[in-house]
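This is what each chain is made of:
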Amino acid sequence: MELRELGGTGLRVSAVGFGASPLGNVFGDVPRDAARAAVRRALDLGVNFFDTSPYYGGTVSESVLGDCLRHAAVPRDQFVVATKCGRYKDEGFDFSAARVTRSIDESLARLGLDYIDILHAHDIEFTNLDQIVNETIPALQKIKESGKARFIGITGLPLSIYPYVLDRVPPGSVDVILSYCHFGINDTSLVDLLPYLKSKGVGVITASPLAMGLLTDSGPPEWHPAPEQLKSACRAAAEHCSKKGKNIAKLAMQYSLMNNEISTVLVGMNSSKQVEENVAAALELSASGIDEELLHEVEAILEPVKNVTWPSGIEQS
């Protein structure tokens with residue numbers, strides 16, 4: 001598995017990252033032995049980056065991931081763990097200094113770790129961004145100084161949140177960003193922001209290469225916030241791939257791995273089979289490239305909805 005530098009952190013992370021939200025049973029129950037086997041298989045195949053949050057499954061994802069990593073018995077320097085703060089299943093959003101400071105201790109206890117590699121403020125568009133600038137990031141800096149988190153980041157859907165925050169904090173305050181649903185076949189809007197992020201020395205993680213289920217044969221979950229025109233175009237693209245005996249999810253995964261400016265692509269996984277499929281897609285891409293003909297056909301189907309997204313968060317004054 002290819003390892004890529006993550007901004008200026010010095011961390012080298014696998015191009016395919018293990019999204020651990022499914023371990024929180026958010027998409028259905030995952031037996032513990034299946035979870036352990038998935039994490040073990042990921043480590044064996046060179047996946048070294050694991051992402052979780054106290055929000056996923058109401059803390060279940062963190063606890064299960066911690067158990068899986070302990071069970072795998074791999075030295076601590078062989079894997080990179082990111083978790084988050086500020087968004088909770090029962091409490092909603094709380095980005096106050098007091099809550100994020102308490103949050104890291106809770107996460108470390110659940111994960112059974114002495115430190116987190118990356119601590120993100122989770123979905124910051126749901127609070128006033130000035131609070132993130134003036135209160136949350138200074139609190140995260142103190143956590144970093146304490147050694148409980150090695151690096152800090154911010155996550156969210158609207159791309160406008162990143163320049164807003166990064167232009168208002170001292171240089172080097174934020175080490176990484178985690179963007180989702182903005183670097184895939186249907187939406188490449190993150191690309192326009194990459195030079196800016198690089199100029200700020202910020203590492204880039206992307207998630208949801210399958211656009212939260214839009215780019216799959218089974219389609220998105222009922223609650224998916226995408227507008228109907230986007231859902232129907234993605235459905236047509238998936239059907240086109242199926243007719244040709246191809247899998248749109250694999251194509252979408254490979255597409256998201258093609259940009260080396262993005263350090264790692266997080267994809268939710270809950271079984272050894274899913275791990276193997278995602279790693280195989282990455283290795284095939286390295287060996288023989290993407291199916292250009294199919295990609296162009298899918299891009300043509302999705303062209304009318306290119307970069308169409310959906311609202312997320314509160315109106316920022």
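All figures in this text were calculated on a predicted structure; none of them were measured in a lab. (Residues numbered from 1 in each chain as written. Predicted model: local features only at pLDDT ≥ 70, side-chain atom pairs only at ≥ 80, totals over all residues. Heavy atoms only, no water.)

Enquirer: Where do I start with the pattern of salt bridges in this structure?
Expert: Working definition: two side chains of opposite charge can pair if their charged atoms are close together. According to the stated counting rule, one finds 24 salt bridges in the structure shown. Across the pair R99 and E106 runs a salt bridge, and its minimum N-O distance is 3.1 Å. With a relative accessible area of 4%, R99 lands in the buried category. According to the relative accessible area criterion, E106 is partly exposed, its value standing at 25%. Ionic pairing is found between D291 and K246, a salt bridge with its closest N-O pair at 3.2 Å. (Salt bridge = Lys/Arg side-chain N within 4 Å of Asp/Glu carboxyl O. Buried < 20%, exposed > 50% of the residue type's maximum accessible area, 1.4 Å probe, protein only.)

Enquirer: Can you help me understand the environment of D105 in this one?
Expert: Considering the arrangement of structural elements, one finds D105 in helix 3 (residues 97–111). Taking the relative accessible area as the measure of exposure, D105 reaches 36% and is therefore partly exposed. Between the C-alpha atoms of D105 and E261, which are 156 residues apart in sequence, the distance is 32 Å. Within the structure, the side chain of D105 is placed 2.9 Å from the side chain of K148, a separation counted as a polar contact. (Helix = DSSP H or I, 4+ residues; strand = E, 2+ residues; numbered from the N terminus. Polar contact = N/O pair within 3.5 Å; in protein donor to acceptor, adjacent residues only side chain to side chain.)

Enquirer: Honestly, helix 9 (residues 272–288) in this entry has me stumped. Any pointers?
Expert: For the α-helix, the turn length of 3.6 residues means that residues three or four positions removed from each other point alike. If you check helix 9, its first and last C-alpha atoms are 24 Å apart, about what 17 residues at 1.5 Å a residue would give, namely 24 Å. Residues of helix 9 that are buried in the fold lie against strand 3 (16–19), helix 1 (32–44), helix 8 (248–257) and strand 12 (264–268). G289 sits one or two positions beyond helix 9 and adopts a positive phi of about 80 degrees. (Expected span 1.5 Å × (residues − 1). Contact = heavy atoms within 4.5 Å.)

Enquirer: Would you mind showing me how to read the sheet that holds strand 5 (residues 80–85) here?
Expert: Strand pairing in a sheet relies on backbone hydrogen bonds, with the paired strands running either antiparallel or parallel. Strands sit in the order 3-4-5-8-9-10-11-12 around a closed barrel of 8 strands; the barrel is parallel. Across the sheet, the mean angle separating the axes of adjacent strands is 30 degrees when strand polarity is ignored. Where strand 9 (residues 149–156) lies against strand 10 (residues 176–180), 4 bridges are found, and the strand directions are parallel. Bridging from a neighbouring strand, G156 pairs with S179 of strand 10. (Pairing = 2+ DSSP bridges. Axes fitted to C-alpha atoms, helices over the stretch in contact; angles between N-to-C directions.)

Enquirer: For this particular structure, what's the right way to read the packing of aromatic side chains?
Expert: The geometry of two aromatic rings is summed up by the distance between their centres and the angle between their planes. A full pass over the atoms with the stated rule returns 5 aromatic pairs. For the ring pair F93 and F95, a centre distance of 6.2 Å and an interplane angle of 20 degrees mean the geometry is stacked. For F93, a relative accessible area of 30% corresponds to the partly exposed category. With a centroid separation of 4.6 Å and an interplanar angle of 10 degrees, the aromatic rings of F93 and F126 are classed as stacked. (Phe/Tyr/Trp six-rings, centres within 6.5 Å; stacked < 30°, edge-to-face > 60°.)

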